[in-house]
Each structure stands twice: as C-alpha cells, then as structure tokens.
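Commentary on secondary and tertiary structure
One letter stands for each residue in the lines below.
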Amino acid sequence: MNWNDAILIFIIFISTVWYVIQPMMNPPISNPFDDDNIDAHTRQKMILMDQIKELEMDYEIGTLNKDDFIQQRNQLKRDISTLLQKIKSQTS
Amino acid sequence: MIPVAGAVSLNLSLAFGILTLFSIGFYIRNNDFRLFLTGQRLSLASSGLSLIATIILTNELIIGNFDLDYVAHYTSNETPIIYKITALWAGQAGSMLFWLAILSLYAIVVVLQNKREHITLMPWVIIVITIVQLFFLGMTNFVTNPFEPTNADFIVMNGNGLNPLLQNPTMAIHPPMLYLGYVGFTIPFAFAIAALIKKDASSLWVKTIRRWTLVTWLFLGIGIILGGWWAYLELGWGGYWAWDPVENASFMPWLTGTAFVHSIIIQEKKNMLKIWNMILIILTFTLCIFGTFLTRSGIMSSVHSFTASGLGPLFFGFVILILIVSYGLLYVRRDHFQTEKRLESFTSRESGFLFNNVIFVVMCFAVFWGTIFPVISEAVRGTKITVGAPFFNQINIPIGLILLFLTGVGPLLAWRNTSKESLIKNFTLPLIVAFLSAGVLLALNVRGNAMMTLALSSFVFTSIAIEFWRGIRARTRKFDESILSALFQLIRKNRSRYGGYISHLGIVLMFVGFSGHAFDIENEWGLQIGSKETVGNYEVELAALSEVERPNHYAYIADLNVYTTAGEFVTELHPEKRIYFHRDPNPDKRQPHSELDIYSTLVRDIYSIFTGVDPKNKVGYFKIMINPLVQWVWIGSYFLIIGTVIAMWPVRRKKYELE
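Nothing here was measured: the structure is a model prediction, and the numbers come from that model.

Across its full length, chain B holds 19 helices and ten strands. Its C-alpha radius of gyration of 27 Å places chain B within 12% of the 26 Å reference for a compact globule of 659 residues. Counting only C-alpha atoms, chain B reaches 80 × 75 × 55 Å along its principal axes. By residue count, 58% of the 659 residues in chain B fall in the buried class.

Structure follows, in structure tokens:
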C-alpha cells in the first residue's frame, strides 16, 4: 500500500466515523416523533379523502349504485370526522 | 482511484452494517433516540461505502487495470468503453457488488425519506434492509471479492474481453433494470416484516410501499421485456421467450409482484387481504433471492447462468432462512392481521382482484414447478429430466387466457357487489364484440389459442374503452369539456385508475403480439450470389457478400434483397457473421457470432440470420423467419410502462373540503 492509498482510506474512515458518532455527542433524548401524531392522522385523512374521490368517480361513471355510494360515502365521512376530532384534540 | 481503497470500503461497509444492527437494537431496548440517529447514520455510511467500492471497481474497469482479476477477466484493451462499464455486472463478483450497490442506493433513499415518518417501523425496516445488505457484504468480502488481484507471475498486458453476446446496447440496460426490480422488493418486504413485528395493520405504511412496489415492479417488468428484446435481436433463434430457467427466475417474482400490486389496493381501500398481502410480499422477495440463487448456483444450465460456484448453498440457506423467519413471524402474528370485513359478493371487484391473485400465484407455481423439475428429478431418480417450452406453454397459455379475461372483467365490476342489472348492462357490449371477433377469426381460419387470445383481447379492449368513454362522458356533462380535454383531465385526476387501464391495454397488445407466434414460418438454405429462395410469401436473393475487419471482430456481411412472390421489392437486409477475438492464434478462442437484421412492420417481421459462410465458394447460409405481429409485443410494452408511470406519478395535494 502506498501513501496515496493510506491517506485516501484514512480520510474515508475518519469522515465516516465522525458523521456516525456525532449524535452520541448530544445528551440522551427520547423519541421526539410519535407515530400517533398529527402527521400520521393527517396522512390517514388524506387516504380517506382519496377514497371518497374515487367513490364519487365510480358513482359518476355508473359502476356503483346510489345506495352503495351513499352508504360507503357516509362511512368514510364518519371515519374522517373521528380523525379530525383526534387532530383537534392533539392541537388544542 | 485505487483498488485497495475499494476493498477497504467493502470491509468498512460490513463493519458499519454490523454496528447498525447493534445501534438500532440498543435503541429498541433503551429508547435512547441518539442510538436510533446513530443507527440511521451507520446505515447511510455502510450504504455509502458500498457505493464507493462500486464506483472504484467501475473506474478500474474503465481504465483497464488488469492487476485486478475481475477486470482482466471481463474487459480487454479493445472493449468499447460502454461495455467496460457494463462488465461491472458481467461476472459473478461484480454483479454481486452491483446488487449490493443498488440495495445501498435504495437504503439511502428509504432512510432519508423516512427520517420523520413511520418512526415506530423504521428501526425494524433498517434492521431488515441491513441484514440483506450484510448477506451480500459477506459474499463480496469473503466469497467472491471483485478486488482480488490477478493470480499471475507476469504483468497482464491485456484482458479476456467481454462475451460478444453481451456487447449489445440492450444488455447495457437489461441487467440493471432487472436488478433494480429484484433488489427493490427488499423495501416493501422490510416494511412488511417491520409491520408484522410491530403488529401494525394500518393502511399508512401500505400507502408508502405501494409506490415503492410499483416502481420496483416496473423495473422488473422493463428488465424482463428488455431481456426478451435482447434475445430476439441477439440470440438468433427468432423468439423472445424460451422458458429458460433464468428467464423464469425473473418471471416468477414478477407474477407474485403483479398479484401484490393488485391486492395491496384492496388493503389500502378496504382494509382487507392483510395476511394474503403479507404472504405475497414475502413470497415475492423470496423468489427474488431464489432467482439470484438459480443464476449463481450453476444448478441450471442456461444462456444466462454464471459458472457453478460455491455461492449456491449460501443463497439456498438464505432463501430457507427468509422463508422460516418470515412465515414463522406471520404465523405468530396472524391474529393481529385478521380482517374483520368479508367478501360480500362473488360479483364484486374485491372478488375479481382475489381471483386474479389466485391465478397469478397458480401460474407462478406452474412456472416454479417446471423450472425446478430437472433438479428434483435428478435428486429423486438420478436423471435430469428437462421440462421444455411445450410443458410451459401447455400449462401457462390457458392460465394466461384466464388472466386476460379477468383483466377485462375487473373494471366492469363494482366494489362490494354488482347487481344483476349492472352485470347485464356492463358485460353485454364487450361480450358481443368478443363473439363477433371470434366469428370473424373462425371465418378467416384462425383457430385454437390464437383465436381465443384475439377474441379475449377484443373483450378486454372493449371493456377498457367503455371505462374511458364513461369517464369522458361524465366529465363532458359535468364540466362542459371537449372530449380530448375530458380524456386528459380524466387521466390527470385519476392517475392510479386510468394509468392502470393504460397498462392493461399494454397487456392486451402484448397478448395480440404473442398470438402471432401461431403463424410463424421459417426456412433455411445456402445461397450463392445472385440465387434466390422462397419463404412463405417472400423470395430472398443474396445480392452480395463482403468482408470487413473492425477493431474487435472480423465480419462477413450479406446483402439480401427481399421480394414478394409476385416480384415486388420489399426491403434489403444485411445480416453479418462475425468472428470475435479473430486475431487470437488459438482458433478455439475465436468466437463466431451471428448479427441479425430484421425488417419490422406492424403486421410481420422478416428476420434474417447469417448462420454460416463458405468464403472460398462465396456461399452464405441463412435462416429466414417470418414472425407475424411481434411489433405489438414491444408496442404493448410501451403502453405498460407509460401506464405504470402514470399510475405511480405523485399527486399534488390540494385542500379537500367535505360537503
């Protein structure tokens, strides 16, 4: 191994180790993010909103009858209301 | 760049990978978030180092450092630069490193993309990805290291060069696409295992992996199509699919992946089929590793296989480990993934999806059985009984036709239940079109599978056209748009659905292309300059025969004129007979290769192969094939790709308002 090799390997090693251990220099912290948070609820809400959109599309093009459409749409709206309540309670 | 830095990068990558497991493991135990951050960075560092090693090897291939055994084996001074780069995945050691590099790239994207999302799943996702990385790091460090020095007592002045069959532009893209597909399934698999461990049956992570799965599935599909294209353009047997074990190895995960791409929609929308989806993604990932095992172990003889090596048992062990751990975990967690909802009707879209899933898995099993049968027969009876194309065609053509039929049925069914009136209303026109097509085809004396395929294709095409027409009509009524604008908006605002339909249209066109195989014609003869022979409705004349020496081969070039039997000129073809390594004094090392020439139209291809040459008597030997409808296979592929890209394209979010 020549000097060039040694220097390149040393640089790769040191910079990687420094990058990796940096978080351990800080004092201990617990998880600042929580999956049961507003972000997760908001994403869940988006999924349900998309489903309502698709349901409307199905109804408009005639692959879904009116009764099924109303029933499924109401169910999705209820689910969204529950999520909105959770989001509201977390923000307040 | 220096090769030793590459080898050390691989060593360090392995060390950082192991540390990732420790760091995240301690985080899971102690909940000290710093350990998770460190684990994330260790994973990024391990992946980055693997990428550095790959870049270094690529550089050594380009500069032709024959001190490395791998470089000396797969490149030479004469190898064009593009094929020096593609030599990275031409051999065992390089392709393993390439596998690792792609996985590392995916790992970096997943870690960075989910720094703040899926925070309960991510530790396990990283652990699973790292375990897969460690397997490949173990291989590249200890079993098949691409940085091994050349074992020679003299200075190697030139390398062996790349196999001529691999010196084709398609081959520059086909393996990376396949690898992107194979490796990509690690990510949905990792999320699935993490969800099993954390008992997370929600649809949030499902939504995240859906796009990953589509991207991966698309890459695998493109890889398979390019493989077929390469076989058609390069191998000179006139076909694009031979049911070769290694082709099957990529087709099997594509089949289960296709089933998963469909059934995951049901989980996302209806919160159903959760256990089934777990089964499918575990199976798909296992088949990806199994496919790699088939290519590496040398247990199958195939044009694609690498030479027999000690990698086989290791890969087989890894496959068994994945199966035991994953399905064991699924069994333990099965109660958490039970679905409360049940299928309400046989005539619902959910049932259609489930039925299509079952058929995909059955097809996969048929392909799997045919592929491993020679190995089983050898183990049981001591004789290797090879299962050829007729077996696969006999089993898979009917299954494929059922799948084609279901492609048309799906859009005509409603979620939950389709009433009798709706069934009659939705199915009448497609069925009329299908029966009319069948009648016309029978009148034209087209029978058997070709007739069935074309009639079913017309059924599916009509059902897709109806879907588009209904959507357009709904928009023109509601928004007063022109038909073209309504079509554009329809696709733009419902990308997932209409992208899917465009992909289905692609599948229909591909099936139309497959049906052409029933009408293939071929003939073989020797031609002297000026003489003519007949194949089907065409006459082929050898107009001239010339020779040329190029940097890496010597070529005999034929000038063939093609006429109809009525004497009308159709086209000129220039197939070549090439001799690679022609300067090598050892005749055994010279490699002959037939470079094809094809005249392609939408109706048929005229496919010319220069099979041999007698330079003394100026006689060329040719095989000419008339292959109908092949172009539709490639056109269908474009639709499949475009449709999938539309389906997975991200939607820009607007604020919704509920009425």
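Looking at the element boundaries, Asn356 of chain B is found in helix H13 (residues 349–381). When sequence neighbours within four positions are dropped, the list of residues in contact with Asn356 of chain B reads His262, Leu403 and Leu406 of chain B.

Residue and element names in this part refer to chain B. Put simply, helix H14 (residues 389–409) and helix H16 (residues 448–479) touch, their axes get as near as 8 Å, and they point 15° apart. What the angle tells us is that H14 and H16 run roughly parallel. The handedness of the crossing between H14 and H16 comes out as left-handed. Across the interface between the two elements, Ile397, Leu401, Leu404, Phe405, Thr407, Gly408 and Val409 from H14 touch Asn449, Met452, Thr453, Leu456, Ser457, Phe459, Val460 and Ser463 from H16. Residue composition of the contact of H14 with H16, by class: nine nonpolar, six polar and no charged.

With that settled, consider the interface of chain B and chain A. In this assembly, 54 residues from chain B lie in contact with 47 residues from chain A. Here chain B and chain A share an interface that buries about 4,900 Å² over both sides, 60% of which is from carbon and sulfur atoms. Seen at the junction of chain B and chain A, the total is three salt bridges. Measuring nitrogen to oxygen at the nearest pair gives 2.7 Å for the salt bridge that ties Arg497 of chain B to Asp58 of chain A.

Turning next to the packing of helix H2 (residues 38–61) of chain A against H16 of chain B. Between two packed helices, what matters for the description is the angle formed by their axes and the separation of those axes. Close contact between H2 of chain A and H16 of chain B brings their axes to 9 Å; oriented N to C, the two are set at 95°. Taken as axis vectors, H2 of chain A and H16 of chain B run roughly perpendicular relative to one another. Listed contacts from H16 of chain B to Met57, Glu60 and Ile61 of chain A of H2 of chain A are Glu467, Arg470, Gly471, Ala474 and Lys478 of chain B. Its residues placed into classes, the contact of H2 of chain A with H16 of chain B shows three nonpolar, one polar and four charged.

Another aspect to go through is the pairing of strand E2 (residues 532–535) of chain B. Look at any regular strand and the pattern is simple: side chains alternate between the two faces of the sheet. All names here are of chain B. Where E2 meets strand E3 (residues 538–550), four bridges bridge the pair, whose relative direction is antiparallel. When the bridges of E3 are listed, Glu533 appears paired with Val540. Counting the residues between successive antiparallel strands, the hairpin from E2 to E3 contains two residues, one of them, Gly536, with a positive phi of roughly 55°.

Together, Trp3, Ile7, Phe10, Ile11, Phe13 and Ile14 of chain A make up an exposed nonpolar region whose accessible area comes to about 680 Å². Within the secondary structure, Trp3 of chain A is located in helix H1 (residues 3–21).

Now for the sheet that holds strand E8 (residues 597–600) of chain B. In a beta sheet, neighbouring strands pair by backbone hydrogen bonds and run either parallel or antiparallel. All names here are of chain B. Spatially, E1-E10-E9-E8 is the arrangement adopted by the four strands of the open sheet, whose pairing is antiparallel. Bordering the open sheet on either side are strand E1 (521–528) and E8, each of which pairs with just one other strand. Direction aside, neighbouring strands of the sheet carry axes that sit 20° apart on average. Relative to strand E9 (residues 604–614), E8 runs antiparallel, the two being bridged by four bridges. Looking at E9, one finds that Tyr599 is bridged to Ile606.

All names here are of chain B. One finds Val125, Phe136, Phe147, Phe191, Trp205, Ile289 and Phe315 to be the most contacted residues of the largest nonpolar core, which totals 164 residues. Once residues within four sequence positions are removed from consideration, Phe136 is found in contact with Met96, Trp99, Leu100, Ile289 and Phe315. In this structure, Val535, Tyr538, Val540 and Leu545 belong to the second largest nonpolar core, which totals 17 residues.

Taking 1.5 Å per residue, 22 residues should reach 32 Å; helix H5 (residues 92–113) of chain B reaches 32 Å between its end C-alpha atoms and fits that length. Along H5 of chain B, 18 of the 22 residues are buried, which leaves the element largely enclosed by surrounding structure.

Time to look at the packing of aromatic side chains. Applying the stated criterion to the full structure yields 40 aromatic pairs over all chains. Look at Tyr106 of chain B and Trp212 of chain B: their rings are 5.3 Å apart centre to centre, the planes differ by 75°, and that puts the pair in the edge-to-face class. Here the residue Tyr106 of chain B occupies a position in helix H5, and Trp212 of chain B occupies one in helix H9 (residues 204–235), the gap between them amounting to 106 residues. Overall, the relative accessible area of 9% leaves Trp212 of chain B in the buried class. Relative to Phe251 of chain B, the ring of Trp243 of chain B lies with its centre 6.0 Å away and its plane at 65°, an arrangement referred to as edge-to-face. We note that Trp243 of chain B, like Phe251 of chain B, is buried. Across the ring face of Tyr19 of chain A, the terminal group of Arg41 of chain B is positioned such that the distance to the ring centre comes to 4.6 Å. Geometry around Tyr331 of chain B places Arg334 of chain B over its ring, the cationic atom sitting 4.1 Å from the centre.

A few words now on the environment of Ser297 of chain B. As for its position among the elements, Ser297 of chain B is in helix H11 (residues 274–297). Classification of Ser297 of chain B as buried rests on a relative accessible area of 8%.

The tally for this structure, following the rule as stated, stands at 15 salt bridges over all chains. Put simply, Glu268 of chain B and Arg210 of chain B hold a salt bridge, and the shortest N to O gap is 3.9 Å. Of the two residues, Glu268 of chain B is situated in helix H10 (residues 245–270) and Arg210 of chain B in helix H9; the sequence distance between them amounts to 58 residues. The partner of Glu595 of chain B in a salt bridge is Arg578 of chain B, and the shortest N-O contact between them spans 3.6 Å. Note that Glu595 of chain B is positioned in strand E7 (residues 591–595) and Arg578 of chain B in strand E6 (residues 576–580), a separation of 17 residues in sequence. Arg578 of chain B shares its class with Glu595 of chain B; the two are buried. Beyond isolated ion pairs, a larger network of salt bridges with shared partners links Asp50 of chain A together with Lys207, Arg210 and Glu268 of chain B.

Residue and element names in this part refer to chain B. Tracing the chain through its elements places Ser351 in helix H13. There is a polar contact of 2.6 Å between the side chain of Ser351 and the backbone oxygen of Ser345. Within the structure, Ser351 has its side chain in polar contact with the backbone oxygen of Phe346 (distance 3.4 Å). Among all residues touching Ser351, those that are not within four sequence positions of it are Leu343, Ser345 and Phe346.

What counts, and at which threshold
Residues numbered from 1 in each chain as written. Chains lettered and ligands numbered in written order. Predicted model: local features only at pLDDT ≥ 70, side-chain atom pairs only at ≥ 80, totals over all residues. Heavy atoms only, no water. Helix = DSSP H or I, 4+ residues; strand = E, 2+ residues; numbered from the N terminus. Rg over C-alpha atoms; globule rule 2.2 N^0.38 Å. Buried < 20%, exposed > 50% of the residue type's maximum accessible area, 1.4 Å probe, protein only. Contact = heavy atoms within 4.5 Å. Axes fitted to C-alpha atoms, helices over the stretch in contact; angles between N-to-C directions. Parallel < 35°, antiparallel > 145°, perpendicular 65-115°, else oblique. Left-handed = near helix turned anticlockwise from the far one by under 90°. Nonpolar A, V, L, I, M, F, W, Y, C, P; charged D, E, K, R; others polar. Buried area = accessible area lost by both parts, 1.4 Å probe. Salt bridge = Lys/Arg side-chain N within 4 Å of Asp/Glu carboxyl O. Pairing = 2+ DSSP bridges. Patch = residues over 30% accessible without salt bridge, like charges linked within 9 Å, V, L, I, M, F, W, Y side chains within 5 Å. Areas by Shrake-Rupley, 256 points an atom, 1.4 Å probe, with all protein chains shown as cover. Core = buried A, V, L, I, M, F, W, Y, C linked by side-chain atoms within 4.5 Å. Expected span 1.5 Å × (residues − 1). Phe/Tyr/Trp six-rings, centres within 6.5 Å; stacked < 30°, edge-to-face > 60°. Lys NZ or Arg CZ within 6 Å of the ring centre and 35° of its normal. Polar contact = N/O pair within 3.5 Å; in protein donor to acceptor, adjacent residues only side chain to side chain.

Everything listed is a geometric property; what it means functionally is a separate question.
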